[in-house]
Amino acid sequence: MSFVRLNEPNVSAEIFDNEVLMVNIITGRYYSIEGSSAIFMRFLLDGNSVEASIEKMIDIYSVDKNE
C-alpha cells in the first residue's frame, strides 16, 4: 500500500467544507483544491492509503472500476 504525507513543517494544509488549502511555507505559494480532488486529498490527509482512497472515491461516485 502507498501512503502520502505532507512535507511538514515546510507544507501545511487546512481542510474546509469543500476545499483543501495547502501552503508551502518556504515559497509562500498557496494551492486551493476543490471538488472531487478535495475529497480525495481529505482521504489522504486522514491517513488512508492511496489505494483505499481510490476505493472510497469509486464508492462515492458509483464508478465501475472495470471501465
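Residues numbered from 1 in each chain as written. Predicted model: local features only at pLDDT ≥ 70, side-chain atom pairs only at ≥ 80, totals over all residues. Heavy atoms only, no water.

*Asks:* Explanation requested: the sheet that holds strand S3 (residues 30-34) in the structure shown.
*Replies:* Backbone-to-backbone hydrogen bonds join strands into a sheet, with any given pair of strands oriented parallel or antiparallel. Here three strands make up an open sheet; going across it, the order is S1-S2-S3 and the pairing antiparallel. Two strands bound the open sheet, and with one partner strand each, they are strand S1 (11-15) and S3. Strand-to-strand twist of the sheet, defined as the mean angle between neighbouring strand axes without regard to direction, takes the value 15 degrees. Here S1 runs beside strand S2 (residues 19-24); their pairing, made up of five bridges, is antiparallel. Following the sheet pairing, Ala13 is matched in S2 by Met22. Docked against the sheet, helix H1 (residues 35-45) engages S1, S2 and S3, running at close to 105 degrees with respect to S3. (Pairing = 2+ DSSP bridges. Helix = DSSP H or I, 4+ residues; strand = E, 2+ residues; numbered from the N terminus. Axes fitted to C-alpha atoms, helices over the stretch in contact; angles between N-to-C directions. Contact = heavy atoms within 4.5 Å.)

So far we have only geometry, and geometry alone does not tell us how the molecule works.
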